[in-house]
Amino acid sequence: MTSDAQEEPSKPEADHPRHLDHTWDEARRAAFDAAQPIPAGPVALELALGRKLDQDIVALQDMPHYASSAMDGWAVNGTGPWILVEPGTPLAPHQASPIATGGLIPAGGKSVLRSESARLDRDEDGLPILVTGGTARPGEPRNGQHVRKAGEEASEGDVLVKAGVVLNPAHLALAALAGYDELVVQGKPLVRLLLTGSEVVGRGVPVPGKVRDTFGPQLPAVVGMLGGIPGGQQRIGDSYAEWLGALEDVVPEVPGAPDLPADVVITTGGTGKSGTDHLRRAVAELGGRLIIDGVAMRPGHPAVLAELPDGRFVLGLPGNPLAAMIALSTVGAPLLSALGHGSMPTVQEVPCGTTLEPEPGRTRLMPFRLLYGMASPAQHTGPGMMRGLASADGVMVVPPHGVKLGELVPAFALPWGPPIPAPPDPNARPKTRSAGRTGRTAAKPAAAGPVDWSELLG
Ligand SMILES: Nc1nc2c(c(=O)[nH]1)N[C@H]1C(S)=C(S)[C@@H](COP(=O)(O)OP(=O)(O)OC[C@H]3O[C@@H](n4cnc5c(N)ncnc54)[C@H](O)[C@@H]3O)O[C@H]1N2
Ligand code: MOO
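Residues numbered from 1 in each chain as written. Chains lettered and ligands numbered in written order. Predicted model: local features only at pLDDT ≥ 70, side-chain atom pairs only at ≥ 80, totals over all residues. Heavy atoms only, no water.

**Structural notes on the domain arrangement of the chain**
Point 1. One can read the domain layout of the chain as domain 1 (18-39 + 187-339), domain 2 (49-61 + 154-185), domain 3 (68-148) and domain 4 (346-423).
Point 2. Computed over C-alpha atoms only, the centres of domain 1 and domain 2 are separated by 34 Å. (Domains from an automatic or database assignment.)

Here it is in structure tokens:
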């Protein structure tokens, strides 16, 4: 937030009750525990892609539900020559009527003669008749030939897709074929974005004092990757009235967004404690409760999680771009996972490629790059930067007591990146050299311990 945006009287930090920040682990746990899985419900077919089916898709009737022609040609009864009758009229033996692919086989129709196997002729009285010809093979049309029988794909009541399946495009097509307009799927959180800051511009190269919005282009995608449904974004300036109005409005009019209340509102900016940072005050005025108010970590320290009386969660991400993504990974990922029936996002271990000195009282979240299997802190990872994260392989969770070169350090993968490879098993026996390989020079002696490669990162 810029100082020219200060409309409200300054509220000194002393006005806010002091509390102890959550540790990084506590914050994750608190966010996960605060949420109940969203119950299953019906969603329109076109919105069901990627959702987990909660109720079997059952054939509502035989599929196909009527016998139809598989070819353009003639529906016929019995053997030819056939007398022509109007399409759709019941066919007596030796009668035929024109039919198109997919057309309903008329009563009495036993088979379909393809147009290229048929020829129109005249009988001795000069009346039009249909005879086989062209490409017709002997015996064509056999009984039932080129007829798609009713119930050939499924009988009424058959299970077409079992509950628990994650719906792909073909499932949706199958459900449509079966006549469904909606499917009952497992709950998933709808997430609206409230991007704040009068200095933030949405397009072009910003002039001094203005910054280009980093959240609009990335947050909807990341919300989706973390198991949420992106539900549109609103932009407001820095006044308290705008903050309060936007949080009060349960179903704001946002172009292209669903006409539904959000489960989570993610705000960006305004998490500080100056007079121009309004998140906490707006939450309090709306009768909400703070679940997390600061995390003992860097960056992302001022992250906030609150719950409003109507059940909406408000996740307050700091305005600094990297700090926001770290806060989203720490608090948002467990929250969205819990709301969407998921488990606590995994944290694994990776060998650290450098020594990181202690920093008592806070966990450092450091984007890293893997070099020779070891995590080396990325460059350009100031709270307002994105360059380091953009090329990172994951984020190290460096404990307050630091970590030594070669030690395992907790780490998590990026929502858009591949999993972090498992560290080598220290109990695995070293591979023996093949006895057949002779005449090679001896390998260089291995380094006594791990090597700090972090200087190589540009
Ligand atoms: N006196 C103190 N000042 C600050 C403290 C502190 O403890 N005492 N904490 C710092 C930390 S840490 C962080 S993080 C930020 C939190 O800032 P806010 O959440 O209040 O956000 P703003 O002040 O509105 O903006 C901060 C920064 O981010 C830029 N910004 C905002 N929105 C966007 C966007 N959509 N795209 C790109 N950049 C954005 C904004 O221009 C500011 O530069 O507070 C520190 N200050
Ligand atoms: O969250 Mo702030 O740096 O810790 O940018």
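**Some words on the sheet that holds strand E8 (residues 118-122)**
Point 1. What the six strands build is an open sheet, ordered E7-E4-E6-E5-E9-E8; its pairing is mixed. Edge positions in the sheet fall to strand E7 (111-114) and E8, since each of these pairs with one other strand and no more. In this sheet, adjacent strand axes meet at a mean angle of 40° when their direction is disregarded. (Pairing = 2+ DSSP bridges. Helix = DSSP H or I, 4+ residues; strand = E, 2+ residues; numbered from the N terminus. Axes fitted to C-alpha atoms, helices over the stretch in contact; angles between N-to-C directions.)

**Considerations on the site of ligand 2**
Point 1. Lining the immediate environment of ligand 2, one finds Pro299, Gly300, His301, Pro302, Asn320, Ala323 and Pro383.
Point 2. Here an oxygen atom of ligand 2 and a backbone polar atom of histidine 301 are 3.2 Å apart.
Point 3. Note that an oxygen atom of ligand 2 is positioned 3.0 Å from one of the side-chain N or O atoms of asparagine 320.
Point 4. Of the residues belonging to the shell around ligand 2, the class tally is four nonpolar, three polar and no charged. (Near = heavy atom within 4 Å. Polar contact = N/O pair within 3.5 Å; in protein donor to acceptor, adjacent residues only side chain to side chain. Nonpolar A, V, L, I, M, F, W, Y, C, P; charged D, E, K, R; others polar.)

**Examining the pattern of salt bridges**
Point 1. Within the structure shown, the criterion is met by eleven salt bridges.
Point 2. Here arginine 298 makes a salt bridge to glutamate 359, at a shortest N to O gap of 3.7 Å. Of this pair, arginine 298 sits in strand E19 (residues 297-298) while glutamate 359 sits in the loop between strand E22 (348-351) and strand E23 (363-371); the two residues are 61 residues apart in sequence, bridging distant segments of the chain.
Point 3. The exposure class of arginine 298 is partly exposed, given its relative accessible area of 41%.
Point 4. For arginine 312, the salt bridge is made with aspartate 310, and the minimal N-O distance between the two is 2.9 Å. (Salt bridge = Lys/Arg side-chain N within 4 Å of Asp/Glu carboxyl O. Buried < 20%, exposed > 50% of the residue type's maximum accessible area, 1.4 Å probe, protein only.)

**Overview of the packing of aromatic side chains**
Point 1. Applying the stated rule across the entire model yields one aromatic pair.
Point 2. Consider the rings of tryptophan 24 and phenylalanine 412, whose centres lie 6.2 Å apart with planes at 5°: the pair is stacked. Highlighted residues: tryptophan 24 in helix H1 (residues 24-34) and phenylalanine 412 in strand E26 (residues 408-412), separated in sequence by 388 residues.
Point 3. Given the relative accessible area of 4%, tryptophan 24 is considered buried.
Point 4. For phenylalanine 412, a relative accessible area of 8% gives the class buried.
Point 5. Over the ring of tyrosine 240 we find arginine 281, and its NZ or CZ is 3.7 Å from the ring centre. (Phe/Tyr/Trp six-rings, centres within 6.5 Å; stacked < 30°, edge-to-face > 60°. Lys NZ or Arg CZ within 6 Å of the ring centre and 35° of its normal.)

**Some words on helix H4 (residues 240-248)**
Point 1. Residues Tyr240, Trp243, Leu244, Ala246 and Leu247 constitute the buried set of H4. All buried residues of H4 lie within an arc of 165° about the axis, which places them on one face of the element.
Point 2. Where the residues of H4 are buried, they touch strand E13 (190-196), strand E16 (229-236), strand E17 (264-268), helix H5 (279-285) and strand E21 (313-317). (Arc of directions from axis to C-beta. Contact = heavy atoms within 4.5 Å.)

**A few points about the nonpolar core**
Point 1. In this structure, Val264, Ile266, Ile292, Leu305, Phe313 and Leu328 are the most contacted members of the largest nonpolar core, which totals 47 residues.
Point 2. A per-element tally of this core places helix H6 (residues 321-339) first, with twelve residues.
Point 3. Each of domain 1 (18-39 + 187-339) and domain 4 (346-423) accounts for three or more of the residues forming this core.
Point 4. Setting aside residues up to four positions removed in sequence, valine 264 forms contacts with Pro189, Leu190, Val191, Arg192, Phe313, Leu315, Leu335, Leu336 and Leu339. (Core = buried A, V, L, I, M, F, W, Y, C linked by side-chain atoms within 4.5 Å.)

**Examining the packing of helix H3 (residues 215-225) against H6**
Point 1. Running from N to C, H3 and H6 point in directions that differ by 20°, and their axes come no closer than 12 Å. Considering the angle they form, H3 stands roughly parallel to H6. Crossing geometry of H3 relative to H6 is assigned as right-handed. Judged by residue contacts, Phe215, Gln218, Leu219, Val222 and Val223 of H3 engage Pro321, Ala324, Met325, Leu328 and Leu336 from H6.
Point 2. Residue composition of the contact of H3 with H6, grouped by class: nine nonpolar, one polar and no charged. (Parallel < 35°, antiparallel > 145°, perpendicular 65-115°, else oblique. Left-handed = near helix turned anticlockwise from the far one by under 90°.)

**Observations concerning the environment of leucine 260**
Point 1. Within the fold, leucine 260 resides in the loop between H4 and E17.
Point 2. Those residues in contact with leucine 260, other than ones at most four positions away along the chain, are Leu190, Arg192, Val250 and Val251.

**Comments concerning the environment of histidine 171**
Point 1. Checked against the element boundaries, histidine 171 lands in helix H2 (residues 169-177).
Point 2. Residue class for histidine 171 comes out buried when judged on its relative accessible area of 17%.
Point 3. Along the primary structure histidine 171 and valine 161 are separated by ten residues, whereas in three dimensions their C-alpha atoms are 7.4 Å apart.
Point 4. Setting aside chain neighbours within four positions, we find histidine 171 in contact with Val161, Val165 and Val166.

**As for the UniProt feature "domain: MoaB/Mog" (unreviewed entry) in the chain**
Point 1. Cross-referencing UniProt, the feature "domain: MoaB/Mog" (unreviewed entry) maps to residues 192-338 in the present numbering.
Point 2. As annotated, residues 192-338 has a helix share of 31% and a strand share of 26%, and its two end C-alpha atoms lie 17 Å apart. (UniProt positions renumbered as here; feature names shortened; annotations may be inferred.)

**Notes on the pairing of E23**
In summary, the side chains of a regular strand alternate between the two faces of the sheet.
Point 1. By the bridge criterion, two bridges tie E19 to E23 in an arrangement that is parallel. Residue pairing for E23: methionine 297 is matched across the bridge by threonine 363.
Point 2. Relative to strand E25 (residues 394-398), E23 runs antiparallel, the two sharing five bridges. For leucine 365, the partnering residue across the bridge sits in E25 and is valine 397.
Point 3. Hairpin connection from E23 to strand E24 (residues 374-377): two residues lie between these consecutive antiparallel strands, with tyrosine 372 at a positive phi of about 50°.

**Structural notes on the sheet that holds E21**
Point 1. On the basis of which strands lie adjacent, the open sheet formed by six strands has the order E16-E13-E17-E21-E20-E18 and mixed pairing. Only two strands of the sheet have a single partner each, and these edge strands are E16 and strand E18 (289-293). When strand polarity is set aside, the average angle formed by the axes of neighbouring strands in this sheet is 20°.
Point 2. The strands that H1 touches are E18, strand E20 (304-307) and E21; relative to E18, the one it contacts most, it runs at about 150°.
Point 3. Of the strands in this sheet, E13, E16, E17 and E21 are in contact with H3, which crosses E16 at around 155°.

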